[in-house]
Number of protein chains: 2
Amino acid sequence: MEQTQSLNRLVAHFAKLPGIGVKTAQRLAYYVINMPEEDVRQFARDMEEARAKVRYCGVCGNLSEEETCEICGDVKRDASIICVVKDARDVQAIEKTHEFRGLYHVLGGTISPLEGVGPDDIAIKPLLGRLDGAVKEVILATNPDVQGEATAAYISRLISPLGVEVTRIAHGIPIGAELEYADEVTIARAIEGRQRMKG
Amino acid sequence: MEQTQSLNRLVAHFAKLPGIGVKTAQRLAYYVINMPEEDVRQFARDMEEARAKVRYCGVCGNLSEEETCEICGDVKRDASIICVVKDARDVQAIEKTHEFRGLYHVLGGTISPLEGVGPDDIAIKPLLGRLDGAVKEVILATNPDVQGEATAAYISRLISPLGVEVTRIAHGIPIGAELEYADEVTIARAIEGRQRMKG
């Protein structure tokens, strides 16, 4: 004896989402069937709409509902600096800081030979195509993991000869964390990347 | 600068689900917009369909797509025993054991004065209405928490005078768990509910 078929199907859909196990999928599906019918209809519509409308910016690869994303289309942004990130979520994370006013380039992944992802499988060539002389600096903001570091090193080797300044975001102790609990690699990177105190 | 509007709306929908924070909602929404379009359409349709089709069994309160659920409609089940549970998920949990062949009664909650849930807010009266003489035993399978215990005690006081046997599911050390790590209340209940060894 199982739960009803239509509920089972909904559970199966939720369970396919990343990080959602069967138990959680059941909890979510039960919740949905108890939601106001109009809310469920809106949820379903917005899901289809998001899937249909959201695409990738033709310039930087960020998410967009237009041919070109809002950031690339913003003339007030500094077009001489491009920040290279792994995926569009990283763009959001950096934008939230309101610290960076340049443009982005979304790779759509990182080089990972073990997973069969080579340099040609991510948007490295389109990045090179954007270095038209107006770009003075490329900030490599891939994650500080093996793939992210390898990707940053690879791109750096490609771009440096072109006379563009290539920088890497700083790695170190996160603000608010305690040195005591940081891992050795992070501490080592923090010491390596130490900066002179101002004043 | 924010992510696209249609994506934002999808994130908001996911974030309203129980146990899903904004970060997780974003991860899920990003995943959805990268799913095959047909899969998303099916997900959306199945969500609406489940919400529209799934209702509560008129007899026991279990989930059903018909007037009466499959369990209540199954003549091979033992109609002389009713197992009382808090919600429909508990029915699924018990059904999975294939141990119980009687019928169910879903309360749709437990008595909780602090949250303003009284005996009349859950399906206790409909339960009394089912005790027509054919029912010999009512098993109280509400959770072993304050509300579940209070609800079990309340129902027991109501039903016992009617000449129906009222039982409570056993509480004790879960199978596979170690006594050492069990809390005191569980251990106390396990000792209190000790049973004679067979053979």
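What you see is a predicted model, and the numbers here were worked out from it, not measured in a lab. (Residues numbered from 1 in each chain as written. Chains lettered and ligands numbered in written order. Predicted model: local features only at pLDDT ≥ 70, side-chain atom pairs only at ≥ 80, totals over all residues. Heavy atoms only, no water.)

Novice: Residue-level account of the environment of L179(A), with values.
Specialist: All names here are of chain A. Among the secondary structure elements, L179 is positioned in the loop between β6 (165–168) and α7 (184–192). Sequence-wise, L179 and P144 are 35 residues apart; in three dimensions their C-alpha atoms are separated by 18 Å. Those residues in contact with L179, other than ones at most four positions away along the chain, are I173 and I187. (Helix = DSSP H or I, 4+ residues; strand = E, 2+ residues; numbered from the N terminus. Contact = heavy atoms within 4.5 Å.)

Novice: Residue-level account of the nonpolar core, with values.
Specialist: Formed by 40 residues in total, the largest nonpolar core has its most connected members in F14(A), L17(A), F14(B) and L17(B). Looking at this core, the elements that each hand over two or more residues are α1 (5–15), α2 (22–33) and α3 (37–53) of chain A together with α1 (5–16), α2 (22–33) and α3 (37–53) of chain B. In this view, F14(A) contacts I20(A), A25(A), L28(A), A29(A), V32(A), F14(B), L17(B) and F43(B); residues no more than four positions away in its chain are not counted. (Core = buried A, V, L, I, M, F, W, Y, C linked by side-chain atoms within 4.5 Å. Buried < 20%, exposed > 50% of the residue type's maximum accessible area, 1.4 Å probe, protein only.)

Novice: Kindly report on the domain arrangement of chain A, identifying the contributing residues and their values.
Specialist: Entries for chain A in the domain assignment read domain 1 (2–53) and domain 2 (76–196). The distance between the C-alpha centroids of domain 1 of chain A and domain 2 of chain A comes to 36 Å. (Domains from an automatic or database assignment.)

Novice: How would you sum up the interface of chain A and chain B? Please name residues and give values.
Specialist: Taken together, the contact between chain A and chain B spans 53 residues of the former and 52 residues of the latter. Around 5,300 Å² of area is buried between chain A and chain B when both sides are counted, 64% of it from carbon and sulfur atoms. Across the salt bridge formed by R9(A) and E49(B), the nearest N and O atoms sit 2.7 Å from each other. Connecting chain A to chain B are 16 residue pairs in polar contact (both at pLDDT 80 or more). Mapped onto the side of chain A that touches chain B, the elements with two or more residues apiece are α1, α2, α3, β2 (63–64) and α4 (88–95) of chain A. Of the residues belonging to the side of chain A that touches chain B, the class tally is 25 nonpolar, 10 polar and 18 charged. (Buried area = accessible area lost by both parts, 1.4 Å probe. Salt bridge = Lys/Arg side-chain N within 4 Å of Asp/Glu carboxyl O. Polar contact = N/O pair within 3.5 Å; in protein donor to acceptor, adjacent residues only side chain to side chain. Nonpolar A, V, L, I, M, F, W, Y, C, P; charged D, E, K, R; others polar.)

Novice: Can you explain unusual backbone geometry? Please cite residues and give values.
Specialist: Residues and elements named next belong to chain A. A positive phi angle, close to 55 degrees, is found at H98, a residue other than glycine. One can find H98 in the loop between α4 and β4 (102–106). Residue classification places H98 among the exposed residues on the basis of a relative accessible area of 64%.

Novice: Account for the pattern of salt bridges, naming residues and giving values.
Specialist: One pass over the structure, following the stated rule, counts 20 salt bridges over all chains. Its salt-bridge partner being R9(A), residue D46(B) comes within 3.7 Å of it at the nearest N-O pair. Taken as a pair, D46(B) in helix α3 and R9(A) in helix α1 lie in two separate chains rather than in one. Of the residues examined, D46(B) reaches a relative accessible area of 5% and is grouped as buried. Note that R41(A) is salt-bridged to E48(B), the shortest N-O span being 3.8 Å. Residue R41(A) is found in helix α3, and its partner E48(B) is found in helix α3; the two belong to separate chains. Beyond isolated ion pairs, a larger network of salt bridges with shared partners links R9(A), D46(B), E49(B) and K53(B).

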